Amino acid sequence: MLSWLGWSRRKQDSQGEAPLELRPRDCHSHVIPGVDDGSRNLPESLEMLALLQAAGVERIIATPHIFPARFPNEPEPLRVAFDELRAAAATSGLSVELELGAEHYLDDTLLERIANERVICFGPERYVLFETFTGAEVPAGLFEVCAALGQRGYTPLMAHVERYGYLRGSAGRELVEDLRCAGVRFQVNRTVGRANLPGVGPRGTFIAWLRRRGYIDEVGSDLHRPTADGRPVEPAA
Ligand SMILES: [Fe+2]
């Protein structure tokens, strides 16, 4: 079972970089059925939970998208769906613990959402996981959102930082330092995707640099499916 994990470790070892391991707490997952591009139904969700549990995860943070343009979720319905999943997991005999968070998209509505206490935080850190545009330009409002979160007692946790071109680019190193000074914490994906192997490719090179700097605060599976790469399957055009 989980031969893909073994494959991944062997592949990483061959590059001379220690593998990036999942941690007992998985800070990023899409395991709630039917709310975003993650799990499509309850059996699939339970399969995903079992997969992570078998990989050594003891606590899964469910982080459905709150992304107004694509997944206009709100905290209350997400809480209902989450409670149903947690009950079903307990009934099915899974021991892994579950907690609700969210993956908030940085757009022009997020500042207002923060001001109105419409974000979902998790953990003793009061992490608010957020993602941004992935291109080469620094997204508008990045530092304002992080400051607003800090002022309200949250800890901004940037999702899958290896994806952002504006951090990996030539000006990115300085920006990383600025974000660290602003109290932002970094989450890196630990999927079996090749681009995420430490030291391999643009993402892996960036991950290896982050690790040398001690800047990988959290690891997440970002699991969308109970499959080797965990990615959502795009519908046929
Ligand atoms: Fe995600």
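Rules of the game
- Residues numbered from 1 in each chain as written.
- Predicted model: local features only at pLDDT ≥ 70, side-chain atom pairs only at ≥ 80, totals over all residues.
- Heavy atoms only, no water.
- Helix = DSSP H or I, 4+ residues; strand = E, 2+ residues; numbered from the N terminus.
- Expected span 1.5 Å × (residues − 1).
- Buried < 20%, exposed > 50% of the residue type's maximum accessible area, 1.4 Å probe, protein only.
- Arc of directions from axis to C-beta.
- Contact = heavy atoms within 4.5 Å.
- Donors = N, O, S within 2.8 Å, 3.2 Å for Na, K, Ca; no water.
- Tetrahedral: all angles 85-135°; square planar, octahedral: opposite > 155°, others 65-115°.

> Can you walk me through helix 3 (residues 75–91) in this structure?
Helix length check: helix 3 (17 residues) gives 24 Å between terminal C-alpha atoms against 24 Å at 1.5 Å per residue, within 8%. Those residues of helix 3 lying buried are Pro75, Leu78, Ala81, Phe82, Leu85, Ala88 and Ala89. In a view along the axis of helix 3, the buried residues occupy a sector of 150°, so they form one face of it. Projecting away from the buried face of helix 3 at angles above 90 degrees are the exposed residues Glu84, Ala90 and Thr91. Tucked into the core, helix 3 has its buried residues touching helix 2 (42–54), strand 2 (59–62), strand 3 (65–66), strand 4 (97–100) and helix 4 (110–115).

> Is there a simple way to explain the coordination of the iron ion in this structure?
Around the iron ion, the donor atoms from the protein are His28 (NE2), His30 (NE2), Glu103 (OE) and Asp222 (OD), and they sit 2.0 to 2.3 Å away. Geometry at the iron ion is irregular, judged from the four donor atoms that bind it and their angles of 81 to 167° at the metal. Here the donor residues of the iron ion are spaced in sequence according to H-x1-H-x72-E-x118-D. With histidine 30 in the loop between strand 1 (25–26) and helix 2 and glutamate 103 in strand 5 (residues 103–105), this pair connects stretches of sequence that are 73 residues apart. Neither residue differs from the other here; histidine 30 and glutamate 103 are each classed as buried.

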